[in-house]
2 protein chains.
Amino acid sequence: MATLQDIGVSALINLFGAFMFLIAFAVLRIQPINDRVYFPKWYLSGERNSPRRSDGTLVGKFVNLNYKTYFTFLKWMPQAMKMSESEIIRHAGLDSAIFLRIYTLGLKIFGPVMVLALVVLVPVNVSSGTLFFLKKELVVSNIDKLSISNVQPKSSKFFFHIGVEYLFTFWACFMLYREYNNVAIMRLQYLASQRRRPEQFTVVVRNVPDMPGHSIPDTVDQFFKTNHPEHYLCHQAVYNANKFAKLVKERAKLQRWFDYYVLKHQRNPHKMPTCRIGFLGLWGKMVDSVEYYKQQIKEFDHNMSLERQKVLQDSKLMLPVAFVSFDSRWGAAVCAQTQQSKNPTLWLTSSAPEPRDIYWKNLAIPFISLTIRKLVIGISVFALVFFYMIPIAFVQSLANLEGLDRVAPFLRPITRLDFIKSFLQGFLPGLALKIFLWILPSVLLFMSKIEGYIALSTLERRAAAKYYYFMLVNVFLGSIIAGTAFEQLHSFLHQSPTQIPRTIGVSIPMKATFFITYIMVDGWAGIAGEILRLKPLVIFHLKNMFLVKTEEDRVRAMDPGFVDFKETIPSLQLYFLLGIVYTAVTPILLPFILIFFAFAYLVYRHQIINVYNQQYESCGAFWPHVHGRIVASLLISQLLLMGLLASKEAVDSTPLLIILPILTLSFHKYCKHRFEPAFRQYPLEEAMAKDKLEKETEPMLNMKADLADAYLHPIFHSFEKEVPLSSSSSSSTEEETHQEETAEVRVDKHEIHSSSPVTELGTPSHHHHVYNSTSPSSHYASAYEQSSSQYEYHYNTHQYEEHEYRYN
Amino acid sequence: MATLQDIGVSALINLFGAFMFLIAFAVLRIQPINDRVYFPKWYLSGERNSPRRSDGTLVGKFVNLNYKTYFTFLKWMPQAMKMSESEIIRHAGLDSAIFLRIYTLGLKIFGPVMVLALVVLVPVNVSSGTLFFLKKELVVSNIDKLSISNVQPKSSKFFFHIGVEYLFTFWACFMLYREYNNVAIMRLQYLASQRRRPEQFTVVVRNVPDMPGHSIPDTVDQFFKTNHPEHYLCHQAVYNANKFAKLVKERAKLQRWFDYYVLKHQRNPHKMPTCRIGFLGLWGKMVDSVEYYKQQIKEFDHNMSLERQKVLQDSKLMLPVAFVSFDSRWGAAVCAQTQQSKNPTLWLTSSAPEPRDIYWKNLAIPFISLTIRKLVIGISVFALVFFYMIPIAFVQSLANLEGLDRVAPFLRPITRLDFIKSFLQGFLPGLALKIFLWILPSVLLFMSKIEGYIALSTLERRAAAKYYYFMLVNVFLGSIIAGTAFEQLHSFLHQSPTQIPRTIGVSIPMKATFFITYIMVDGWAGIAGEILRLKPLVIFHLKNMFLVKTEEDRVRAMDPGFVDFKETIPSLQLYFLLGIVYTAVTPILLPFILIFFAFAYLVYRHQIINVYNQQYESCGAFWPHVHGRIVASLLISQLLLMGLLASKEAVDSTPLLIILPILTLSFHKYCKHRFEPAFRQYPLEEAMAKDKLEKETEPMLNMKADLADAYLHPIFHSFEKEVPLSSSSSSSTEEETHQEETAEVRVDKHEIHSSSPVTELGTPSHHHHVYNSTSPSSHYASAYEQSSSQYEYHYNTHQYEEHEYRYN
C-alpha cells in the first residue's frame, strides 16, 4: 500500500512527464515543418494553404527561428479558450462541442462537491483516528487516514457521509438535468439552423418484401405512392456493388502507378520511364510506362462503365433496401416514425443517417437474421467481458519459451542465451494481453457491425457501450476485488445479493491509492500524450520523406484524426464513476479527477479547434448514453456506500440510503421521457416550421435535383465524376453517347436525375486548388492534365478506401 | 402429505360438488322465471323479449313443466359448442373470442405434452424407486413416487426430464407463436372489418400547453391546423364537469321518486299519492307527490340547462386535454404515432380509446405528476405484494376478543358466552384476511387508476398485472416455501442467486399434492360455481320481488355481468405456470390442469354466448400480456428445474439447461418485435386501404356529423337527449328556442355540430320497445308519456352511475 509520500512522488513523476510532453509539444508545434501535424483542421477548412513562417529564409521554412515564441510555451491554452462555443459548433460540428461539455459537466459536478467533501469529510475522517491504533498493520496507508476507513464502526459520524452522499446526489442530478436540457436545446437548434440536407428529407426503408413479378424499385414506388401519396417524391435503390468495388480498387492502383511514372518523367524529362508488363514487373515486354498505364486506365474505364451499367440495371443486384425521399421534412418525419405495414417486420422505416455516416454493408440484413445476430453478439460480449482471460491464458501458455522451442526448434541456440531468455520470459506472456487490449476497441466495433446497425455513429456508440462494460468489470471491479472477472462472476453467483455490495464496499477505501495512480498515469500523462500526437508526427515526416510526390500527396499524408468516441467516452465515464464512488469514501481522490477534467478539457479544446476532423455528425446522439451511465454510476456508488456502511455495523443507515437509489432511478426515468425523444425523433412541429420557412424564402426549389444521388453508394459517385472527365480528351460525340447511356441507366433509377453533382457532402471542395499550383511539363502535359482532372475521382477513391480501412 | 388415496377422495368430493352445481344449473336454467338470469345476453341483443315457456298455463310461466327437458341436463355443453368463432365475434365481440382462445391454447399446449410426460416420465420415475426405501419418512406420499423425487441423485435418468423440458419448450413456443400470429391476424381483420367508428379518426392529446391569452381550444386548433394541415378536421374539448355530474345524480333521484309515485297511482287510481316536502319527508306541507315531483324536475331541468351552458362556455373549466379528429384514418394514425412538439412532455398524442372505454377522471394529469404517481404506485405494489401481511396481522391483533372488549365493553356479557366466544375467536382473525383478499382486485384497480391510465381496458390490464405478481409471490412461491412473502424476500436477499432456484426447486415436487387440491377446489368447483351464477340469481329474484315496478325495472334488475379480465386472466396465468412448472417434475398434475381448461372453456363459452355483456372492446389488447407471462412461466420452470437438478447433484446438466432460457428469451424478443406493434399501433397501410375503400363506396360522407359529440362526456349526452324530450309536452316554440340555445353552445364547441344523435356507441337502441308495451292510464297519461320518453335519459344516467360505481 502506498503512503502519502509515494503518491506524492508518483504525482511528481507524472506531473514531470506531462510537463515534458507539454514542453515538447510547445516546441514542436511552432515549427513550420510540423504545421500540418498540429494544425491540419485549418488546412482542411481551407483557411491555411502553407505553413506559417517566422521569416523568409530557407531554414525558416522548416524551423522556427523567432526565439520569442519559445518563451510562451503555454500560449496554446488561452488560445484554445478563445473560441466561443457557437464558433466551435460552426468550426468543428456539434458532436465536438457537446463532447467538450462532458468535461465541463465533470468540473461542474465535482468542483463544489470537492470543496464540501474536503471541508466536511476529511476533518471528520481524520478526527476519528481508528487507524492510528492499528498502525502496524500493512493495510493502513496515510491516504486511508483521510478516508472513511478511519471512522470507527457504529460511529454516528457516518451521518456526515450519508449527508454528503445525499447532497452530492441532488447536486449531480441537478447538474445532469440542466446539462441534458442544454444539450437537447443545442441539438434542436443545430438541426433547425442546418441548411437543406438530404437526410432531412430521406427515410431508410429496410426489409422491402419480395413481390413476385415486381422489381424492388417498382414495389417501393408503388407502396409509397399508395401510402404516402401527398409527400412521396422519389427513392434511391441500393445495389450490391461488391464486384464493382473491386474494380474501383484496381483502377485506383493503376492510377497510382500512372501518377508515379508521370512524376518520374517530370523530374527527369530526358529519360522515358519504362516497365515490364509481365508478372510483378519482373519480365515481359519493356514498354513506355506512362503510355502503357494511360492505355490500361482507358480500357479499365470502359469495362467499369459497362459493369456500372450492369449493376444499376440488374434487378437481381438490388438489395431489399431503399432510401425514400419526400418533398418535405414533415413527410419524412412522419414516415420515419410510423408503422407502415401490418407485418411489423416488413417496411421498417427510420430516419436516414447522413450519407457519409452510412455503413453500407449492413443495409441488407433481414429481420430474423438481426434477431439471431443480436443474440449471438450479446452472448459473445458477455463471454468477452467475463472470460477474456481464458484465450489469453491459452496464448500465454503457448507463447513461453518451451512453446517457442517446440514450434521453432531452430531458434533454440538463440533462446538459450541468458539475457534473451529472461527478456522473452518477462515479455512474451504480457505481449498477448497487450495486443488484446490494443485491438479490443476494434474487436468491439467489429462485433457491433455484426449486430447490423446501419450508421457508423450508431456502431461507435454500441462499441462504446461494450467497452464501458468491459472497463467497468475488468478495470473498476477487477481492481477492487482481486482475481479475474470470471472468478468475480463465480463468487457473485454464489453470494447473496446483499453480500455483494458489502464485499465490494469493504475493499473500496483500500484501493483509493491505486486509482489515484491510475488517474495520473492513464489520465494526466495519457492526455499530455494526446496533444503531442507523436505517432501522426512521426508518420507524417516519414511519409513526407519517402512517399510524398505531389502537393496532393502531402494533403493525403496529413492525418488529422478525430475524437475517437468509442474509446474516449467510455474512459471518461470510468473517471466519472471513480469520482462519484470515492466522493463519500475517500474525498482526497477528487482533486486528481478535477485536474484530469480541467487538463483534458483544455487539450481536447485545442485539438478540436486545430487538429481533429470528425468523420460524421451525429448531433450529440451520444449524450443519452453519457447521461445514463453517469446516473448508473450514482446508483453504483449508493449501493456500495450501503454495503460499506453495513460492514461498518451501521446497518441502521440502510433505510436512509435505500431512498436514494429509488429517487435516482425515477430521476433517470423522468429525464428519459423528458429529453430522450429529442435525440431519437424529429418533432413534427419543428419539421413543419422548417418546411414553411423554406417555402417562404425559396419558393422555387427543385427538390429532386437536390436529392439526386445523395444516397448512391460512394463508389458509384466517384466513378460518375471520373467518366466524363477521362473522356474529355476524346471526341465530343463520344461524350454525348455516353451521356445518353447514363440517361438510360437513370431511367432505371426511378426518377432521380443527377442534374447537379453533389459537392456538399462527399468531397471537401478545397482540394481543387492544391494541384492547380503544379505546372505540367514536356509532352505529357495533356496526359497530366487529364490525370490531374481525375484527382477528384482519385481522392474520392482514397476516401472510400480509408473508410473501408477504418471500418473493417 | 396427502397420499394418492387422499387425492382421490378430494377429487371425488370436488367432482361431486361440481356435479351438484351442474345439476342445479341444469334444473334452474330451464325455468322460465330464471330466464333473465341465465340468458340475459339474448335480452340485451334484442333477440328475446320474454321467457320461453313450456306451456301456456300460469304455472308454466314460472316453472318448467316439460319433464323431458330435465333428462338432458348436459345439453348446454353441445349447445355452447355450436356457435362458430366468427359468430361469437359478431355476437359478443373480439375480446371474448380471444379470451376463449387462451383456454384452447392451454389444451393445445398441455394435451400432447401430457401424453408424452405420462408415457415417458412416469415410468422413468416409478422405475427408479428411491423413495421406496425411505417409506417411513413422513414427507413421502404416493404422488411423490410418480415424480422426479423418486429418481436417485446423479442418475442418468435425468436426461429424460431434460429432454422432456426441451421438447416441451419447443412445443410451447411453437404453439405460442402460432397463436400470437392468429390473434394478431384476427385483431387486424376485426379492425379492418369494423364500420366507421369515431376512435378510428380520433387522437387523444394530453398536456396541451397553457398559452397566455389563448383558450385551450384555440391553442389546440391553431397547433393542429399548423402541423397537420391536410387532415385535421376538428376537436372536442374536455370539461371539468364535477358540479354538473352532481346535478345529474340528483335529477336521477327525483326521477325515481316521480316514477314511484306515478306507479303507485296507477295501481290505486282512487288515491292520490301525497308526501311531505320537509326534512326527509317527515314533516312540512302535504302535497300531491306526482305534481310536486313533476314541478321539481322541471325546475331542475332549467337549472341544469343553465349549468350545462356555463360548463361548456367557461374556458376555465376546460382541461388541457382534447380529442382531435382527422378526416382520415391515415391522418389519425400518423398523429398518434409521431412526436408533435420539441418538448416531448407536451402535446402527447395517442390513439383514442373508444368512447365507452374512457376513464374520464384521468384525462387531465400533468406529465410530472404521472412520473411521481408511477413511482409511488410502484413502491406501493411492491409493499403490497411483500408486506401485505403486516397490516392484516395488525388488524387481526385488534380484532380479537380482548380488542373487542376494550372497544365495546357493553358487549362483554354476550362475548362471555362460550359458544359465541369460540365462534368469534375462530372467525374474527380470519375475517380480516378474507376481506382483504376479497377487496384486493378493487384495490389494485384503484392503484392503477392513480397511475393515470386513461382507458378502462388499460386500467384492467394494469390491475391484472399487479394481481398476477401478487399471486405469483403469495400463492405460487408462498405455497412452495413456507412463510410469509416478507420472510421469503428476506431469505432471498440473503441467499446467493444460484441458491434461490435450488431452494425453491427442492420443495416443488413436495407441493404437487397441494396444487392438485388447489386446482380442484379453486379451478373445478370455482368454474362450476361461475356457471350457476348463484349471486346474480338470488339478487335478481330479490329485486324482482321487492323493487321491480315496471318492465324497465326488470331490465335493470338483470345483471348480465362480464368476463372480469382483471381477475380471470391472472388466475388463468397461474394455472399455466403450474402446468409448465410441473410438466417435467410431477406430470401427474397435468390431467387435472387439462380438465380445468376443458371444463372452463365450455363454461365460459356458454356464459359468453348466453350471459355476459362486455363493457368495452379492446380488440384483444391483453394478448401480449398473456403471451409474455406464459413465456415468463417457461423461464421460471427452466430455472427451477436447473435448481432441482443441481440439488440432485446432477450439476453436469446445467450447461444443457442454460441454453433453454436464452433461447426462450430470444423467442420472446422476436415475438415482441414481430407481433406486438400490431397491438400498439395502427399500420398506415391498413389505414390507407380502409380510407380508400370508404371513399370509393361512400364518396359523400359528412365526417364532422359522424364525429359530432362522440367524445363528449357521457353526462352531457344524457342531458342533451333528455331536454328536448321533456319539453315535448310544451309548445313547439319553446323547443325551437332551446335548439337555438344548443346551437349557441355548439359554437363554443369548435366546429362539432351534432346534426345526428350518436346511437351507435352510447345506448343500445333496443330498449325503446320495452316500455312501449306498457299502456298509460288515468289523467297522468301525458305525464307518464313524458316520463316514459325520458327513459332514454334515465337509462343513460343509470349506465353512467353503474359506470361510476364500477370504477370508483
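None of the values given here were measured: they were computed from a predicted structure.

Residues and elements named next belong to chain A. Domain annotation for chain A reports domain 1 (4-195 + 367-681) and domain 2 (201-353). Facing the 10 residues of domain 1 at the interface are 11 residues of domain 2. Carbon and sulfur atoms make up 62% of the surface buried where domain 1 meets domain 2, a total of about 910 Å² over both sides. In this assembly, domain 1 and domain 2 are joined by 0 salt bridges. For the pair domain 1 and domain 2, the interface holds 1 residue pair in polar contact (both at pLDDT 80 or more). Residue classes in the side of domain 1 that touches domain 2 are distributed as 5 nonpolar, 3 polar and 2 charged.

What follows covers the sheet that holds strand S2 (residues 232-239) of chain B. Residue and element names in this part refer to chain B. The strand order across the open sheet built from 4 strands is S2-S5-S1-S6, with neighbouring strands paired in antiparallel fashion. The outermost strands of the open sheet, each flanked by one partner alone, are S2 and strand S6 (348-351). Going across the sheet, the axis of each strand differs from the next one's by a mean of 30 degrees, ignoring polarity. Two strands pair when backbone bridges link them, and strand S1 (residues 202-206) and strand S5 (residues 318-326) are joined in this way by 4 bridges, in the antiparallel orientation. Of the residues in S5, the one forming a bridge with Thr 202 is Ser 325.

Generally, phi is negative for residues other than glycine and the peptide bonds are trans, each holding for most cases. All names here are of chain B. We note that Trp 347 has phi near 50 degrees; this positive angle belongs to a residue other than glycine. Note on placement: Trp 347 falls in the loop between helix H14 (329-337) and S6. Assessed through its relative accessible area of 4%, Trp 347 is described here as buried. In the Ramachandran plot, Cys 619 falls in the positive-phi region, its phi being about 55 degrees despite a non-glycine side chain.

This part takes up a negative patch on the surface. Side chains of Glu 230 and Asp 327 of chain A together with Glu 230 and Asp 327 of chain B sit close together on the surface and give a patch of like negative charge. One can find Asp 327 of chain A in the loop between strand S5 (318-326) and helix H13 (329-337). The partly exposed category is assigned to Asp 327 of chain A, whose relative accessible area is 31%.

When chain B is fitted to chain A, the best match, at an RMSD of 0.1 Å, comes from turning it 180 degrees and sliding it 0.1 Å along the axis. Such a combination of rotation and displacement between the chain copies is what one expects of a two-fold axis. Minimal C-alpha distance to the rotation axis in chain B is attained by Ser 496 of chain B, lying at 1.8 Å. When the interface residues of chain B are mapped onto chain A, 100% of them again fall at the interface, so both copies present the same face.

What follows covers the nonpolar core. Ranked by internal contacts, the top residues of the largest apolar core, which has 298 residues, are Phe 99 and Phe 476 of chain A together with Phe 99 and Phe 476 of chain B. With near-sequence residues (within four places) excluded, Phe 476 of chain A lies in contact with Met 471, Phe 515, Leu 574, Leu 577, Leu 578, Val 581, Ile 636 and Leu 640 of chain A.

Attention shifts here to the interface of chain B and chain A. Across the boundary between the two partners, chain B contributes 46 residues, which contact 46 residues of chain A. Each partner contributes to the roughly 4100 Å² buried at the junction of chain B and chain A, and carbon and sulfur atoms together form 64% of this total. Taken together, chain B and chain A are joined by 2 salt bridges. A salt bridge links Lys 342 of chain A to Glu 686 of chain B; the nearest nitrogen and oxygen atoms lie 3.6 Å apart. Seen at the junction of chain B and chain A, the total is 14 residue pairs in polar contact (both at pLDDT 80 or more). Contributions of two or more residues to the side of chain B that touches chain A are made by helix H11 (216-227), H14, helix H15 (367-387), helix H21 (485-493), helix H29 (654-680) and helix H30 (684-697) of chain B. For the side of chain B that touches chain A, the per-class residue count stands at 21 nonpolar, 19 polar and 6 charged.

Reading the values: the criteria
- Residues numbered from 1 in each chain as written.
- Chains lettered and ligands numbered in written order.
- Predicted model: local features only at pLDDT ≥ 70, side-chain atom pairs only at ≥ 80, totals over all residues.
- Heavy atoms only, no water.
- Domains from an automatic or database assignment.
- Contact = heavy atoms within 4.5 Å.
- Buried area = accessible area lost by both parts, 1.4 Å probe.
- Salt bridge = Lys/Arg side-chain N within 4 Å of Asp/Glu carboxyl O.
- Polar contact = N/O pair within 3.5 Å; in protein donor to acceptor, adjacent residues only side chain to side chain.
- Nonpolar A, V, L, I, M, F, W, Y, C, P; charged D, E, K, R; others polar.
- Pairing = 2+ DSSP bridges.
- Helix = DSSP H or I, 4+ residues; strand = E, 2+ residues; numbered from the N terminus.
- Axes fitted to C-alpha atoms, helices over the stretch in contact; angles between N-to-C directions.
- Buried < 20%, exposed > 50% of the residue type's maximum accessible area, 1.4 Å probe, protein only.
- Patch = residues over 30% accessible without salt bridge, like charges linked within 9 Å, V, L, I, M, F, W, Y side chains within 5 Å.
- Areas by Shrake-Rupley, 256 points an atom, 1.4 Å probe, with all protein chains shown as cover.
- Lys, Arg positive; Asp, Glu negative; His and termini not counted.
- Charge placed at Lys NZ, Arg CZ, Asp CG, Glu CD.
- Least-squares fit on C-alpha atoms with pLDDT ≥ 70 in both.
- Core = buried A, V, L, I, M, F, W, Y, C linked by side-chain atoms within 4.5 Å.

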